[in-house]
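Coordinate inspection notes
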Amino acid sequence: MFQGSIVALITPFRQGKLDEEALLRLVEWHIEQGTHGLVPVGTTGESPTLTHDEHCRVVELVVKQVAGRIPVIAGAGSNNPVEAIEYTRHAEQAGADATLHVAGYYNRPNQEGLYHHFKAVHDATTKPIIVYNIPPRAIVDVQPATLARLAELPRIAGVKDATGDLARPWTERQLIKTPFAWLSGEDATAVAYNIGGGQGCISVTANVAPKLVAEVQNLTLAGKWQAARELQDQLIPLHQAMFAEPSPAGAKYAVSLLGFCSEECRLPVMPLSEATRERIRSAMQALNLL
């Protein structure tokens, strides 16, 4: 179920409020462009600065609009397991196919604490869970042995790996022998990650170039590595431009150029510099996106 290009979906705003019409247009566009799945209210969806009601509303809108056509993995993570369970139960009731849960940022649990955090969420739902391992943001790292221990739980279905360590899928596959989804959390290394056993990417760049990112993933899934590398070579400038300044400012600006929504982000994410805007425009023009 969880493979290919899975978009870490932006949350459109207009004058400080959730732009529901823009969100629904984006969902339809992604399905038309061949996107394999959607992650609403992840970090790229500005989950840290959404209100509780906005978080729930975005999940409800996306699930309803998708209507079962592609998987929806709802962001439900928190360093507070009580809140994580609440968001997970809401996503389940809304009809999401799975939830995405980040490792415990700020309170910095040890490996045993990480295991029991994810287990508590696991035990509170009937839906699959994707573990989001992103040490650069969360400080803590879900080590391979801990991930393998989690994979023994029946609803821990995969990992979003944003460690930047391309040895991880090789190491983890030595320890995990049950069905498991290895998903890259980094656009620039997604092809290399799939060589190591990955099956997809939860992608920021796919907000802007969904058809091209989906094609890269289709090529890797078909074992057409040379063609995948050549297309990835073309996408690298856009991948890099997306993170020239704090995300999702880059993705939102790029999507605004496509006419789907405003570039508005919530503080503390700031508007882009003119230099970065030009860099994004140039990368998009080189890919014939504009």
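Residues numbered from 1 in each chain as written. Predicted model: local features only at pLDDT ≥ 70, side-chain atom pairs only at ≥ 80, totals over all residues. Heavy atoms only, no water.

The sheet built from 8 strands is open, its strands ordered β4-β1-β10-β9-β8-β7-β6-β5 with parallel pairing. In this open sheet, the two edge strands, each paired with only one partner strand, are β4 (37–39) and β5 (73–75). This sheet shows a mean twist of 30° between the axes of neighbouring strands, independent of strand direction. Where strand β8 (residues 156–161) lies against strand β9 (residues 181–184), 4 bridges are found, and the strand directions are parallel. (Pairing = 2+ DSSP bridges. Helix = DSSP H or I, 4+ residues; strand = E, 2+ residues; numbered from the N terminus. Axes fitted to C-alpha atoms, helices over the stretch in contact; angles between N-to-C directions.)

A full pass over the atoms with the stated rule returns 2 cavities of 30 Å³ or more. The volume enclosed by the largest cavity comes to roughly 50 Å³. For the largest cavity, the full set of lining residues is Asp-187, Ala-190, Cys-201, Val-213, Val-216, Gln-217, Gln-232, Leu-235 and His-239. Broken down by secondary-structure element, the contributors of at least two residues to the lining of the largest cavity are α9 (210–221) and α10 (225–242). In terms of residue class, the lining of the largest cavity is made up of 5 nonpolar, 3 polar and 1 charged. The calculated volume of the second largest cavity comes to roughly 40 Å³. In this structure, the second largest cavity is lined by Asp-161, Gly-164, Asp-165, Leu-166, Ser-184, Glu-186, Thr-189 and Tyr-193. Class assignment for the residues of the lining of the second largest cavity results in 2 nonpolar, 3 polar and 3 charged. (1 Å grid on protein atoms, 1.4 Å probe; cavity = no way out; pocket = protein on both sides within 12 Å on 5 of 7 lines; lining within 4 Å. Points joined across faces, edges and corners; volume = space filled by probe spheres on them. Nonpolar A, V, L, I, M, F, W, Y, C, P; charged D, E, K, R; others polar.)

This paragraph deals with the side chain of Glu-172. One can find Glu-172 in helix α7 (residues 168–175). One buried charged residue, Glu-172, remains without a salt bridge, the closest side chain of opposite sign being Arg-168 at 4.1 Å. Setting aside anything within four residues of it in sequence, one finds Glu-172 in contact with Pro-144, Leu-147, Val-159, Asp-161 and Trp-182. (Buried < 20%, exposed > 50% of the residue type's maximum accessible area, 1.4 Å probe, protein only. Lys, Arg positive; Asp, Glu negative; His and termini not counted. Salt bridge = Lys/Arg side-chain N within 4 Å of Asp/Glu carboxyl O. Contact = heavy atoms within 4.5 Å.)

Once that is clear, we can look at the layout of surface pockets. Rolled over the atoms, a probe with the dimensions of a water molecule shows which regions are left empty. For the largest pocket, the calculated volume is near 600 Å³. As for the largest pocket, its lining consists of 28 residues, of which Gly-42, Thr-43, Ser-47, Pro-48 and Tyr-105 are closest to the centre. Of all the secondary structure elements, the ones that give two or more residues to the lining of the largest pocket are α3 (81–94), β6 (98–102) and α5 (135–138). Tallying contributions element by element places β6 first for the lining of the largest pocket, with 3 residues. A per-class count over the lining of the largest pocket returns 14 nonpolar, 10 polar and 4 charged. Its boundaries defined by the atoms lining it, the second largest pocket holds a volume of some 380 Å³. For the lining of the second largest pocket, a count of residues per class yields 9 nonpolar, 6 polar and 4 charged.

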